[in-house]
Structures are given as structure tokens and as C-alpha cells.
Amino acid sequence: MDDTEPFEGIVGDSPPLRDLLQQVEIVAPTDATVLVLGETGTGKELIARAIHHRSRQREHRFLTMNCAAIPSGLLESELFGHERGAFTGAIGQKIGLFEIASGGTLFLDEVGEIPLELQPKLLRVLQDQEFVRIGGTRTIKVDVRLVAATNRDLAQMVEAHRFRADLYYRLNVFPIRVPSLRERPGDVEPLVRHFVQRFAARMRRHIEEVPTETLDVMRRYPWPGNVRELENLIERAVILSPGPRLMIPLEHLARRSTTLVQADSAATLELVKRTHVVRILEETNWTVGGPRGAATRLGMKRTTLQSFMKRYAIARSQSAPDSQGPG
Ligand SMILES: Nc1ncnc2c1ncn2[C@@H]1O[C@H](COP(=O)(O)OP(=O)(O)OP(=O)(O)O)[C@@H](O)[C@H]1O
Ligand SMILES: [Mg+2]
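Colleague: Explain the site of ligand 1 to me, please; I cannot follow it from the model alone.
Modeller: As a matter of local geometry, ligand 1 sits amid 17 residues, with V11, T40, G41, K44 and E231 nearest to it. In this structure, K44 approaches ligand 1 through a side-chain N or O atom, which is 2.6 Å from an oxygen atom. In the model, an oxygen atom of ligand 1 is placed 2.7 Å from a nitrogen or oxygen of the E231 side chain. In the complex, the protein chains occlude 85% of the 630 Å² of accessible area that ligand 1 would expose alone. Residue assignment for the shell around ligand 1 shows that the elements contributing at least two residues are α2 (44–53), α8 (188–202) and α10 (226–240). Considering only residue class, the shell around ligand 1 consists of 6 nonpolar, 6 polar and 5 charged.

Colleague: What exactly am I supposed to notice about the packing of aromatic side chains here?
Modeller: Two measures describe an aromatic ring pair: the distance that separates the ring centres and the angle between the ring planes. All told, the structure shown has 7 aromatic pairs when counted by the stated rule. Geometrically, the ring pair formed by Y221 and W223 is edge-to-face, given 4.6 Å between the ring centres and 90 degrees between the ring planes. Three or more aromatic residues joined by ring pairs form one cluster here, namely F80, F98 and F131. Positioned above the aromatic ring of F199, the side-chain terminus of R198 is 5.8 Å from the ring centre.

Colleague: What is the right way to look at the nonpolar core in this model?
Modeller: Taken as a class, soluble globular proteins show a tendency for nonpolar side chains to be buried jointly. Judged by nonpolar contacts, the single largest core of 33 residues is most densely connected at L79, F98, L106, L108, V111, I114 and L122. Elements that contribute at least two residues to this core include exactly β2 (62–66), α3 (72–80), α4 (97–100), β3 (105–109), α5 (119–128), β6 (145–150), α6 (154–159) and α7 (165–171). In terms of residues, this core owes the most to one element, α5, which gives 4 residues. With residues up to four places along the chain from it excluded, the contact list for L79 reads M65, G96, L97, F98, L106, L108, I114 and L118. Grouped together as the second largest cluster of nonpolar side chains are 28 residues, I207, M218, L246 and I248 included.

Colleague: Got a minute to help me understand α8 in this structure?
Modeller: The end-to-end C-alpha distance of α8, which contains 15 residues, comes to 21 Å, matching closely the 21 Å that a straight helix rising 1.5 Å per residue would cover. Listed as buried for α8 are V188, L191, V192, H194, F195, V196, F199 and A200.

Colleague: Would you explain the sheet that holds strand β7 (residues 174–177) in this entry?
Modeller: Strand pairing in a sheet takes place through backbone hydrogen bonds and is either antiparallel or parallel in direction. Read from one edge to the other, the open sheet built from 5 strands follows the order β2-β3-β6-β1-β7, with strand pairing classed as parallel. Of all the strands in the sheet, the pair left with one neighbour each is β2 and β7. The mean inter-strand angle of the sheet, taken between neighbouring strand axes irrespective of direction, is 20 degrees. Examined bridge by bridge, β3 and β6 share 4 bridges and lie parallel to one another. Note on β6: the bridge partner recorded for T105 is R145.

Colleague: Looking at this model, I keep getting lost on the confidence of the model for the chain. Mind explaining?
Modeller: Any region with low pLDDT has predicted coordinates that should not be read closely. Per-residue confidence for the chain gives a mean pLDDT of 88; residues scoring 70 or more make up 90%. Note on residues 257–264: pLDDT is under 50 here. Beyond four places in sequence and across chains, it has 12 contacts. Predicted confidence for residues 318–327 stays below pLDDT 50, and this span has 17 contacts to residues more than four positions away or in other chains.

Colleague: Can you walk me through the packing of α8 against α10 in this structure?
Modeller: For the pair α8 and α10, interaxial distance at closest approach is 9 Å and the crossing angle is 45 degrees. Our classification of the angle between α8 and α10 gives oblique. At the point where α8 passes α10, the crossing takes the right-handed sense. On the side of α8, the interface is formed by V188, L191, V192, F195, V196, R198, F199 and A200, while α10 contributes V227, L230, E231, I234, E235 and V238. Here the residues of the contact of α8 with α10 sort into 11 nonpolar, no polar and 3 charged.

So, how was this worked out
Residues numbered from 1 in each chain as written. Chains lettered and ligands numbered in written order. Predicted model: local features only at pLDDT ≥ 70, side-chain atom pairs only at ≥ 80, totals over all residues. Heavy atoms only, no water. Near = heavy atom within 4 Å. Polar contact = N/O pair within 3.5 Å; in protein donor to acceptor, adjacent residues only side chain to side chain. Areas by Shrake-Rupley, 256 points an atom, 1.4 Å probe, with all protein chains shown as cover. Helix = DSSP H or I, 4+ residues; strand = E, 2+ residues; numbered from the N terminus. Nonpolar A, V, L, I, M, F, W, Y, C, P; charged D, E, K, R; others polar. Phe/Tyr/Trp six-rings, centres within 6.5 Å; stacked < 30°, edge-to-face > 60°. Lys NZ or Arg CZ within 6 Å of the ring centre and 35° of its normal. Core = buried A, V, L, I, M, F, W, Y, C linked by side-chain atoms within 4.5 Å. Buried < 20%, exposed > 50% of the residue type's maximum accessible area, 1.4 Å probe, protein only. Contact = heavy atoms within 4.5 Å. Expected span 1.5 Å × (residues − 1). Pairing = 2+ DSSP bridges. Axes fitted to C-alpha atoms, helices over the stretch in contact; angles between N-to-C directions. pLDDT = per-residue confidence, 0-100. Parallel < 35°, antiparallel > 145°, perpendicular 65-115°, else oblique. Left-handed = near helix turned anticlockwise from the far one by under 90°.

This is the structure we're talking about:
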């Protein structure tokens, strides 16, 4: 943990993020069920942990169950446990997550994937903090704080009869929406610096400079994969940067954003220009000068192309053969 971050591991200071953290502060000390909503990669799990760390459950466990990651037939047993002989293959007793998490927090990720037939049992444990293990007869009492997350539209699922309305209302007591990264471009720079620092330390690189133009392009990019996409891109960039200057493989941003950035024509133009230059460089096998080099093809002076490449942090990606470097 870094003590410049009042919320462990949550980087950013944009107004939408500050609003979100304020809501976390408010709801965490209550025992209310929290439903964390937001696109993929926005940080829903980090928010769930932050709630736990500020709750009266903080001395106890924080357990996570991703409801989409487990075959639906096994989910009930994972959550509620079973008695020996409850079904074929139940050779011993199993204690479920609700019992193990008792006193602490259970984070149910992708809660929209909970099968309909299991939903009444989840509703009961939320309402009465009690359930029966599969194949059991004894009612088990627990004290579990539930935080759930989804990137699905639960209200719509209720309308389509794929999610029970009663469970939806129970989960939706205190919904928190984690804004997408494109709604908070102000967080891009601190996130970039945070991940550069982390990956550079891990890979023993010394990166001192993130080009301003790179940051500009990143602030305008729509980030369909949100913070996770940015994190992965920075990891790749740190690997690709031999010197103190961060070399972002911006063609990643250009390739994926052609349809999405249309709303922002300035960004599109910049990306289109850059993509074109990268393509010509690839076609000329990264030969910048000479009669068959990229500069000639682009109708530019070699030095102009070189400064363009520097300005937009264009570098040959690692996958390309490295016999002829730029210049
Ligand atoms: N504000 C932030 N500061 C630092 N790291 C962040 C932030 N938000 C997200 N991350 C990082 O981004 C990655 C994705 O976050 P997380 O797993 O919480 O997203 P998610 O919303 O649960 O995604 P999914 O819906 O795909 O499960 C994680 O590595 C997380 O640490
Ligand atoms: Mg998640």
C-alpha cells in the first residue's frame, strides 16, 4: 500500500471517482448489501474490497465467488455446502462459503449468472441470514455481509424473467456504479504513472518519462476494457521500452478505437495519422531513410519522420524481427 492513496490500491482523483469513494465511505460501516455495477475492468472488485476494509467485518475474511466461473450445478454446494451423501459424489460433508465467510464479507461476482433455481435460497440467506446445507435438515445461522457485482443489466434480466424480481430488489438496496474510464479521463495519467512504476520496478527498468503526446492520445481513447486494458497496455509498454522514455504501442489504441472514437474527431485524426505511419513503417520493414524507406514513401524528410516517431512514441514492436532498427 502506498500512503499517498487514502483508499488502498485505488488510484485516481477525478470527480466521478471521488463521488464513488464517498459512497463507499457512507455505506461500508452499515451492514447493507451493496451492488457494485460497472463495465468490465472498471475496478468493481477493488471497490468491494474497499467496502470490506471499512466495515465492521474488516477483521474477518473477505471471500470471493465468481458465479460465472463455476458450473451452475456446483454453485449451490460451493455457496451453501452439502452433507455427506447429499448427491452422487458427495463423499464427505462440505462447508460452503456462506459459513466460511461468517463474520466477514462474501463478494459474489457476476451475480447475474446465478441460476434462477438457486435464487430463492440466496434471497433467504440475505433476508434471514439462514440456510440449510444441501441434503441437510438443520438450519444454519450466519452473519455475512454481502457485496455483489455485475456488468449485466439486472433490471432488464428481471423483465426477461431471467432474474427474480424479489432478489433484485434485495440486492439493489444500495447500488454503486463504478464509472467507466472514459467518463473520467482525469484518472488516466495517475493510473499510467502508477502502473509504470509498478511494472518498471518489477522488471527492473528505469522509466522516467511518459511523453505528453502519448498521454493525450490515451486520455482520448475510449478504453472498452477500462483500467484492466490500461494496466495490460502499460505492462506491454514497459517491456517494449528499452530506455527511460515510455514507448506505448499506440497502434493498439488506433486499431481498436476506429469505430469507438468517432465521436472525437481530433483524436481520430491523430490516431489515423499515426496508424498510417506505423503501417508504412511495417511495410518498409522499419527502414526510415533511403530511397525505399518510409520517409520517402510518406513524402517526408527523414528527420521529420524521426521526430514524428519520437513525438508519438512509435517504436517497433517486439514481435517484429530486430535486424533493422528505425533510422
Ligand atoms: N482505480 C484503480 N486504481 C488502481 N488499479 C485499478 C483501479 N481500478 C481497477 N484497477 C485494476 O484494474 C484491474 C481490473 O479491476 P477489477 O478486477 O476490480 O475490475 P472488475 O470491474 O471487477 O472487472 P470485471 O467486470 O471484468 O470482473 C485490476 O488489476 C485492478 O487492480
Ligand atoms: Mg471482477
